[in-house]
Amino acid sequence: MTRTAFSATGLVCDYGRGPVLRSVDLSITAGEVVGIVGPSGCGKTTLLKAFAGIVPVRSGDLRVFDESLTRATAHRHVSYVPQSSSVNPAVPMTALDAVMLGLAGRSPRRPTFSRGERRRSFELLERLGVDDVAGRQVAELSGGQLQRVLIARALVTGPDVVLMDEPTSGLDLRRLREVLLLIRDLHRAGTTVVLTTHDLNWVAAQLPRVVFLDGTVVADGRPRDVITPEVLDRVYGAPAKVIHDRRGNVVVLAQLADGTPPSDAATARAARAVTS
């Protein structure tokens, strides 16, 4: 039987300075992988924080697995991976300690942790390719290393839903591939994954569903159906060329403000990239 992981109806959220999200209607099925895209300030992070029970709902209805979403229900089902830039690196803790911190609200051994919990935390660091920094202070980590530590912290509880805010930011190609494989494994295990990103081409190539957000939902569906010049112009206010190949792959190329199209060479390179 299909379950709904998140259901938002008429969702409005703000920080006391006017609504950031307004009349958001969105339903995400359990086990889906969904990408949220849109310009800076469009409400992507706010939507994830609302799903995580961090940002209060001003009006509307928000549910997680058919329960009203509160801090308690979010804590039961959801793990949130913030942007690495939002983390204070001055807090004195090792990378392994940071991962185990994800267990703080659930471990019967808190404030200490069992050998099994330590082992599971280390195995997640190993899976993400950062086991070599387990004993290093968080302040000493690069942005990419810290990002993967935060992902490990979110996964250590075995959540039903993982929310990732810009999880691929600052990663090189090798580490990006590791995160992609992790998302694939989570999907195969039935975990719901909702992530934000600014990389439209990454979304088009890797994710089955994309939601364009600009304070409210502007478009929602398969990348080849909703990544269109009209949607991009409406959401970003910038002209773009969208290339489709016969297999349904999509690539987005920015155009100059005067409407000058990308060069033939750039178009050819993009076409080869989506068919390779």
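These lines cover the structure that appears in this document, whether it is placed above or below. (Residues numbered from 1 in each chain as written. Predicted model: local features only at pLDDT ≥ 70, side-chain atom pairs only at ≥ 80, totals over all residues. Heavy atoms only, no water.)

Our focus in this paragraph is unusual backbone geometry. Here the phi dihedral of S23 falls at roughly 50 degrees; this positive angle occurs in a residue that is not glycine. According to the relative accessible area criterion, S23 is partly exposed, its value standing at 48%. One non-glycine residue, F65, lies in the positive phi region at around 50 degrees. (Buried < 20%, exposed > 50% of the residue type's maximum accessible area, 1.4 Å probe, protein only.)

Here the structure, examined in full by the defined rule, presents one aromatic pair. Ring centres 4.1 Å apart and planes at 10 degrees place the aromatic pair F6 and F51 in the stacked group. In this pair, F6 sits in strand β1 (residues 4-14) while F51 sits in helix α1 (residues 44-51), placing the two residues 45 residues apart along the sequence. Across the pair, exposure class does not vary: F6 and F51 are buried alike. (Phe/Tyr/Trp six-rings, centres within 6.5 Å; stacked < 30°, edge-to-face > 60°. Helix = DSSP H or I, 4+ residues; strand = E, 2+ residues; numbered from the N terminus.)

A separate point is the packing of helix α5 (residues 143-155) against helix α6 (residues 173-188). Between α5 and α6, the least distance of the axes is 12 Å, while the angle of their chain directions is 15 degrees. It follows that α5 is roughly parallel to α6 by the angle criterion. Crossing of α5 against α6: the hand is left-handed. The segment α5 lies against α6, with R148, I151 and L155 engaging R175, E178, V179, L182 and L186. Across the contact of α5 with α6, the residue classes break down as five nonpolar, no polar and three charged. (Axes fitted to C-alpha atoms, helices over the stretch in contact; angles between N-to-C directions. Parallel < 35°, antiparallel > 145°, perpendicular 65-115°, else oblique. Left-handed = near helix turned anticlockwise from the far one by under 90°. Contact = heavy atoms within 4.5 Å. Nonpolar A, V, L, I, M, F, W, Y, C, P; charged D, E, K, R; others polar.)

Ranked by size, the top nonpolar core spans 54 residues in total, and within it F212 and I227 carry the most contacts. Among the elements that make up this core, the one with the highest residue count is α5 (seven residues). When sequence neighbours within four positions are dropped, the list of residues in contact with I227 reads L200, A204, V210, F212, L232, V242, H244, V250 and V252. Within the second largest apolar cluster, 30 residues are counted, among which are L47, V55, L62 and V194. (Core = buried A, V, L, I, M, F, W, Y, C linked by side-chain atoms within 4.5 Å.)

If you walk across this open sheet you meet the six strands as β6-β7-β8-β3-β9-β10, and the pairing is mixed. Both edges of this open sheet fall to β6 (78-81) and β10 (217-221), since each of them pairs with a single strand only. For this sheet, the mean angle separating the axes of adjacent strands, direction not counted, is 15 degrees. Here strand β7 (residues 161-165) runs beside strand β8 (residues 192-196); their pairing, made up of five bridges, is parallel. Each residue of the ladder has a partner; that of D165, found in β8, is T196. Across the sheet, α1 lies against β3 (33-37), β6, β7, β8 and β9 (209-213), angled at about 155 degrees from β7, the strand it touches most. Taken strand by strand, helix α9 (residues 229-236) contacts β3, β9 and β10, and its axis lies near 40 degrees from that of β9. (Pairing = 2+ DSSP bridges.)

Moving on: the layout of surface pockets. Rolled over the atoms, a probe sized like a water molecule indicates the empty space that remains. In this structure, the second largest pocket occupies an estimated 200 Å³ of space. Surrounding the second largest pocket, V33, L180, I183, R184, H187, Q206, L207 and P208 form its lining. For the lining of the second largest pocket, the per-class residue count stands at five nonpolar, two polar and one charged. (1 Å grid on protein atoms, 1.4 Å probe; cavity = no way out; pocket = protein on both sides within 12 Å on 5 of 7 lines; lining within 4 Å. Points joined across faces, edges and corners; volume = space filled by probe spheres on them.)

Turning next to α9. When α9 is considered as a whole, its buried residues turn out to be V231, L232 and V235. Projection of α9 onto a plane perpendicular to its axis shows the buried side chains occupying an angular sector of 100 degrees, all on one side. Residues of α9 that are exposed and point over 90 degrees away from its buried face: E230 and R234. Buried positions along α9 lie against α7 (200-206), β9, β10, α8 (223-226), β11 (240-244) and β12 (250-254). (Arc of directions from axis to C-beta.)

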